[in-house]
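The residues making up each chain are set out below.
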Amino acid sequence: DGLEPVSVYLERHQGNPDAADGNWARYLRMPTLTWFASELGLRVDFVNDLCAVLGAAIAVSAIAWPRNRGFFPFLGLYLLYLSLYATGQTFYSFQWDILLLEVGFLSTLRALAGSSPGRVPTTWLLRL
């Protein structure tokens, strides 16, 4: 039972094919942006590759330009990694992947709170 192609994995987890579940209902059940590939007319594998490339681009821009260290870039990074994690199957089932998601979520909250380093509870949670 190794890794299977993402399209096969999504077909297996899409739920009842006869139900009128939209992609948003599927997204709430398994949070991955690849559910929207068919609406965009893209292949599922391409959407996963796009998530990885967009995540790298957002991360580099946050490193290079301090103005890009706000709430929305961190939220984008979190959602992109969550999307890859949801379809990663066995490859993403280790503790450090959960830790990356937790720290990503806390970083998003930290960026939303502003720039007072010692007073924000998420700063203390990130330090733990």
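See above for the structure.
Residues numbered from 1 in each chain as written. Predicted model: local features only at pLDDT ≥ 70, side-chain atom pairs only at ≥ 80, totals over all residues. Heavy atoms only, no water.

**With respect to the overall build of the protein**
Then, in step 1: If you tally the helices and strands in the protein, you get seven helices and zero strands.
Then, in step 2: Scanning the protein from its N terminus toward the C terminus, one meets helices and strands in the order α-α-α-α-α-α-α.
Then, in step 3: When the 128 residues of the protein are sorted by exposure, 30% land in the buried category.
Then, in step 4: Pairs at least 24 apart in sequence give 44% of the contacts found in the protein among residues at least 6 apart.
Then, in step 5: Only carbon and sulfur atoms are counted for the fraction: they give 65% of the accessible area of the protein, which is about 8,600 Å². (Helix = DSSP H or I, 4+ residues; strand = E, 2+ residues; numbered from the N terminus. Buried < 20%, exposed > 50% of the residue type's maximum accessible area, 1.4 Å probe, protein only. Contact = heavy atoms within 4.5 Å. Areas by Shrake-Rupley, 256 points an atom, 1.4 Å probe, with all protein chains shown as cover.)

**Considerations on the nonpolar core**
Then, in step 1: Ranked by size, the top nonpolar core spans 15 residues in total, and within it Leu 10, Met 30, Trp 35, Val 44 and Cys 51 carry the most contacts.
Then, in step 2: Excluding its chain neighbours within four sequence positions, the residues that come into contact with Leu 10 are Met 30, Thr 32, Thr 34, Trp 35, Val 44 and Thr 87. (Core = buried A, V, L, I, M, F, W, Y, C linked by side-chain atoms within 4.5 Å.)

**Side note on the packing of aromatic side chains**
Then, in step 1: This structure, assessed with the given rule, holds two aromatic pairs.
Then, in step 2: Seen from their ring centres, Phe 71 and Phe 72 are 5.1 Å apart, and the 70° between their planes marks the pair as edge-to-face.
Then, in step 3: Overall, the relative accessible area of 67% leaves Phe 72 in the exposed class.
Then, in step 4: Measuring from centroid to centroid gives 5.7 Å for Tyr 78 and Phe 105, while their planes differ by 55°, and the two rings are tilted. With Tyr 78 in helix H5 (residues 71–87) and Phe 105 in helix H6 (residues 95–113), the pair connects residues that are 27 residues apart, well separated along the chain. (Phe/Tyr/Trp six-rings, centres within 6.5 Å; stacked < 30°, edge-to-face > 60°.)

**Section: a nonpolar patch on the surface**
Then, in step 1: A cluster of nonpolar side chains, namely Leu 40, Leu 42, Phe 46, Leu 50 and Leu 54, defines an oily patch on the protein surface of about 430 Å² accessible area.
Then, in step 2: Counting residues per element, the nonpolar patch draws most heavily on helix H4 (residues 44–64), which supplies three residues.
Then, in step 3: Following the sequence through the fold, Leu 42 ends up in the loop between helix H3 (37–40) and H4.
Then, in step 4: A residue is classified by how much of its surface remains accessible, and Leu 42, at 33% relative accessible area, is partly exposed. (Patch = residues over 30% accessible without salt bridge, like charges linked within 9 Å, V, L, I, M, F, W, Y side chains within 5 Å. Salt bridge = Lys/Arg side-chain N within 4 Å of Asp/Glu carboxyl O.)

**Topic: the environment of Phe 71**
Then, in step 1: With respect to the helices and strands, Phe 71 occurs in helix H5.
Then, in step 2: Each C-alpha atom, one on Phe 71 and one on Leu 109, is 7.4 Å from the other, the two residues being 38 residues apart in sequence.
Then, in step 3: Here Phe 71 is in contact with Thr 108, Ala 111 and Leu 112, once residues within four sequence places are set aside.

**Points about the packing of H5 against H6**
Then, in step 1: Between H5 and H6, the least distance of the axes is 8 Å, while the angle of their chain directions is 160°. Taken together, H5 and H6 sit at an angle that is classed as roughly antiparallel. In this structure, H5 meets H6 at a crossing whose hand is left-handed. Residue-level inspection shows Phe 71, Phe 74, Leu 75, Tyr 78, Tyr 81, Leu 82 and Tyr 85 of H5 in contact with H6, the latter providing Asp 97, Ile 98, Leu 100, Leu 101, Gly 104, Phe 105, Ser 107, Thr 108, Ala 111 and Leu 112.
Then, in step 2: In terms of residue class, the contact of H5 with H6 is built from 13 nonpolar, three polar and one charged. (Axes fitted to C-alpha atoms, helices over the stretch in contact; angles between N-to-C directions. Parallel < 35°, antiparallel > 145°, perpendicular 65-115°, else oblique. Left-handed = near helix turned anticlockwise from the far one by under 90°. Nonpolar A, V, L, I, M, F, W, Y, C, P; charged D, E, K, R; others polar.)

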